[in-house]
Structure formats: C-alpha cells, structure tokens
Amino acid sequence: MKKIFYIAFYFCSTLLFASCIGDLDQYPHVDETSSSIYTSAENYKSVLGKIYTSMVTTGQEKNGNEDLSSNSGQDYMRCYFNLQECGTDEVASTWLSGDNVTGLTYLSWDANDPWVSDMYYRIYYNIALCNEFLRNATDDKIGSFSADDQKQIRTYRAEARFMRVLFYYHALDLFRNIPFVTENDPLVGYLPPRYTGAQIFNYIESELNAITNTSDTNNCLSANGSDMYGRATLGAAYTLQAKLYLNAKVYTNTDNQEMYTKCITACKNVIAQGYSLESDYAKLFNADNHLRTNEIIFTLPVDATNTVSWGSSTYIVCGAVSNTSELQKPEDYGVKSGWGMFRVRGNIPELFTGYENTDKRYMFFTTGQSQDVEIIDDQTNGYFVEKWTNLTDSKETASNTADGGVNTDYPLFRLADVYLMIAEAFKRGGTGIDATTVVGYINDLQQRAYGDNSNNKTEDEITLSFILDERARELYWEGYRRTDLIRYSLFTSNDYKWQWKGGVKEGTGVNDRYNIYPIPTTELTANPNLYNENY
C-alpha cells in the first residue's frame, strides 16, 4: 500500500502541489508505476481503500509519513469538523491560539487561515486520488481481466465516483466557486478552470444520477449489504442527493421549488432501502456503532489497530473530556485522558430547556460547569458533550486511546437526518409526500428521544423553525450545523446571535463573506484562473 500511495501521489494534479512542492513534471524515482499497480482486482480494491481511509488518517502509517505537508498536520475529518462546527453555537474551543482556531471561532478568518488551507488541500488531494483511480479503471484498461473481476472493478469504479462527488460536495459547500479537474484532464502543466457553484452543482447532480441508475449495472452502486460496511452504497448516494437538493438555493443562488421535490424523492429512495431508526440513540456514537447498520447509512470506520486516527472520532471523543477537571473522569468515556479541546456554547443546551431530564439526547456533563460561556477558552465555561464515547455496548473501554485512538466509527450519514430533510423539504414547498407521513417520521424521532409519545408533534407544530432546532438537538457535533445555519440565512446575520458569534460574548452579525471560505492564498498564486470574492 505504501508503494501504491506513492503512485497515487505522483498522479495527483499539479492543482494540489504547484504551490507546495514545486515541479512535478519530472518522472518519479520509484519502482512502481500505474501499469504495474493496476494488474489485479485486489490491487484496485487496495487503492480504493486508500481513498476511503484518506478521510480519517493523515497517511499510510500510524506515526508520521503524512500524505500532505500541512499547517496543522491533521486528517480530513478533523479539518471538516472544525470548519463546520467551530464557528457555530455548537462548539466553544479551548486552545484558540495554540490550535489556530481563533479565526474559525470568531468568524474572522482570511485566505491565510491554516485550517481553511488544510481543508482545501485535503479535499483536492482526495479528488486527485479518485481521478487517478478512475483513469485506470476504464473499460479499456480492465478489458483483459476476467468477467468476474471486471464486474467487481466496475463496482469499485462507481464507489470512486461517489467519493469524488462527496469531496466535490464538501468543496462546493465550504468554498463554493472552485477549481474543477477530472481524470480526463492532463496530468501535468494543467491549470484547472474555476467553476461556479451552479456548475459544480450540475456536475454533482449528473454524477449522482449516473451511479444511482439501477438499470445501468456497469456503473451503478451496490445496495446495502454486510460486505458494504464503510463503503458507498445506493443509500449513501441518495442521501447525498437529498443534501444537494435541500441546499440548492444556497449553492446555485436561485430559488427553484422543484429542488425540494427532488430532495423528497431522494429521501424516499433512501428510506426504500430498508433503513430503520436505532432504538438507543447513544449507541449510534459508541465503540460498537459498527453494529448500527439499520440506521447508519454511510460511516467512516476507525479503529485502534487497523485504521488509527488522532482526528476524526478520536478528536471528538477525547476532545470533549476535560484535562483539568477532577470531576469528569476520562474512564467514563473509555479514554485514558481528556484533551479538553472544546465544549458546547450555552445556546444549544438552551434548546432542551424543560426537557433536560426527559430528552435522551441531552447528553452534557454539567457538574462544575456553567451553561453560559463567559470566557470562551475557560474549560469550566460551557458544558462538555457526552454524546460520543469509546465504550462498547457493555460499557467497557474499547481501546487504549493513549496508544491507538478510539474504536468509534464516524457516522457521516444516518436515517434521522433523512427524516429531518424530508420534513424540511415538504415545509419549503416540495411535493411527493403527504403531511401524515412527514408527521410520522418526526414523531418516530420524538418517541426515540423521549421513550414514549408524550412529546409527539402535530402538523402545525412542525414549522421550519422547529426543524432547525430539532436538527440541532438530534445532530449536534455531527458536522451539520454551519450548513444548516447558512441555509436558514442565520450564520452571518443579526437574526440569530449566539454566544461569541463575531468575537463578542453576546454575539453579533458578521460580513456575509463568511458564508463561504476563501481559496487559500497559496492556491491563488499557483492558479491565475482562481480568485476570491469579498476577501
């Protein structure tokens, strides 16, 4: 796999590295080339594995040998969590300057922000891995393999296409107007064009339509199955479609009601795959959550032996335990020690007011902690989140986090989110579903949260405002909040002010440019096709 990585590294577009490592026009001094790597279905599977694990690891080995030289040296999902959560009401960061998250926390970043830069390069490194794989997985390239191997590689090809559109979706959501490159573009000396958000939207939509076309067995994703855990399936692609359509107005700057109907259709396609809610909410985020394939649609596997990650879910589990409090015990969460990275700002617990003892999703450590965050980098200000743990179902520690990180997988897509998306699309005018069904989905979530039907909702009670608050109660710390607040036009405006928004305790609106992260300055220098608006 190390040699396979070096080949993938070489074939990455100059888009990634022109500003970082100089001239890639020289042929690499390695023994392996693509012609010797792509010689068996098993090797294709190994390279595909690299694409998946590139979301949760920094490189090939447990210590060092990172894929990319970066400012923070962190994996894709740690970057993603920070960009999606740190500036919202869901996270109060402790080590502001030490962890370089001051700009993210106060919505004051610029084009030189280290976390913004690392996220950008992680995304495009991963896109390049997908492009390299797809360049070598054409029907012509695999024509000499057996019929069974060709069929298997075509499945891998569909998965690589899904992963590429997932990365492009993240780039669209975070950066909006971005460079675009595929396997059909030159390997060297090529400066990718700048695509608008609408162009990227259309590309993602087209790719998702192609890999969910079940009549085209040569290019379609597989249905969910026991051998597909941690891999892209039809359910994952339909979920991504729903997310794309729900946010279409933001991404394309046009208000097209048809998109909400398409979101509903995509959600119905997910539900038709046979998923069901897990009865115990907490078990979705523990070290045995690989058993929750009934609700978890697409997950990023992490374990302390084979896929060690100091970011991803390890970052969340260890980061949510104090490293100064004598009251909070690390062993209660299955970790050796707490990192004290972050807490939740007071606005989120406030959404549970009156239901702290009945809503099972109220999972906060409050002893010795103030709900309000008077001093944002004081660990006693704000509650610690107890939602994520490294404990098994039997409450045993799953792994030695001081040595190998946690065993808790990162559930990127799950059914509860689909239920909330279909309800929101319906309330925004989408068609193709009736109110009774929507109310039923929302009440399924209520009954899991409360253990009975005491908090069931009527159609009139399920407003857009309720759905936004319910998304926070159901999905906090899962990487959704920034996108949700932007869709509701609340992320930068004065219409919703949370603690320390804009760098002041009472909160304040900020410039609308902060709805989009800037392309890093280094990349603007390398590619004159790119530019940032308003930065």
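Residues numbered from 1 in each chain as written. Predicted model: local features only at pLDDT ≥ 70, side-chain atom pairs only at ≥ 80, totals over all residues. Heavy atoms only, no water.

J.: Would you mind showing me how to read the layout of surface pockets here?
T.: Vacant regions in the atomic arrangement are exposed by a probe of water-molecule size rolled over the atoms. Considering only enclosed or pocket space, the largest pocket measures out at about 740 Å³ in volume. Along the wall of the largest pocket there are 39 residues; nearest its centre are R176, V250, N253, N515 and I516. For the lining of the largest pocket, the elements supplying multiple residues, two or more each, are α9 (197-211), α11 (248-252) and α19 (481-487). Looking at the lining of the largest pocket, the element that brings in the most residues is α11, giving five residues. Here the residues of the lining of the largest pocket are counted per class, giving 16 nonpolar, 14 polar and nine charged. (1 Å grid on protein atoms, 1.4 Å probe; cavity = no way out; pocket = protein on both sides within 12 Å on 5 of 7 lines; lining within 4 Å. Points joined across faces, edges and corners; volume = space filled by probe spheres on them. Helix = DSSP H or I, 4+ residues; strand = E, 2+ residues; numbered from the N terminus. Nonpolar A, V, L, I, M, F, W, Y, C, P; charged D, E, K, R; others polar.)

J.: Explain the packing of aromatic side chains here, please?
T.: One pass over the full model with this rule turns up 40 aromatic pairs. Taking 4.3 Å as the distance between ring centres and 35 degrees as the angle between the ring planes, the aromatic pair formed by W109 and Y517 counts as tilted. Pair noted here: W109 is in the loop between α6 (102-105) and α7 (114-135) and Y517 is in the loop between α19 and α20 (521-526), with a separation of 408 residues, a long-range link. With respect to class, W109 is no different from Y517; both count as buried. Considering the side-chain rings of Y120 and Y121, the 5.3 Å spacing of their centres and the 90 degrees angle between planes classify their relative orientation as edge-to-face. For the pair formed by Y120 and Y121, the shared burial category is buried. By the ring-pair criterion, three or more aromatic residues cluster together here, those being W109, Y120, Y121, Y124, Y168, F175, F180, Y195, Y203, Y514, Y517 and Y535. Taking the ring centre of Y531 as reference, the NZ or CZ of R194 above it sits at 3.8 Å. Across the ring face of Y488, the terminal group of R428 is positioned such that the distance to the ring centre comes to 4.7 Å. (Phe/Tyr/Trp six-rings, centres within 6.5 Å; stacked < 30°, edge-to-face > 60°. Buried < 20%, exposed > 50% of the residue type's maximum accessible area, 1.4 Å probe, protein only. Lys NZ or Arg CZ within 6 Å of the ring centre and 35° of its normal.)

J.: Quick question: what am I supposed to make of the nonpolar core here?
T.: Across soluble globular proteins, nonpolar side chains show a tendency to be buried alongside one another. Membership of the largest hydrophobic core comes to 162 residues, with the highest contact counts inside it found for F133 and F162. Take this core: its biggest share by element is 15 residues, from helix α8 (residues 147-175). Dropping the residues within four chain positions of it, F133 is found in contact with Y38, Y44, V47, L48, I51, Y156, R157 and A160. (Core = buried A, V, L, I, M, F, W, Y, C linked by side-chain atoms within 4.5 Å. Contact = heavy atoms within 4.5 Å.)

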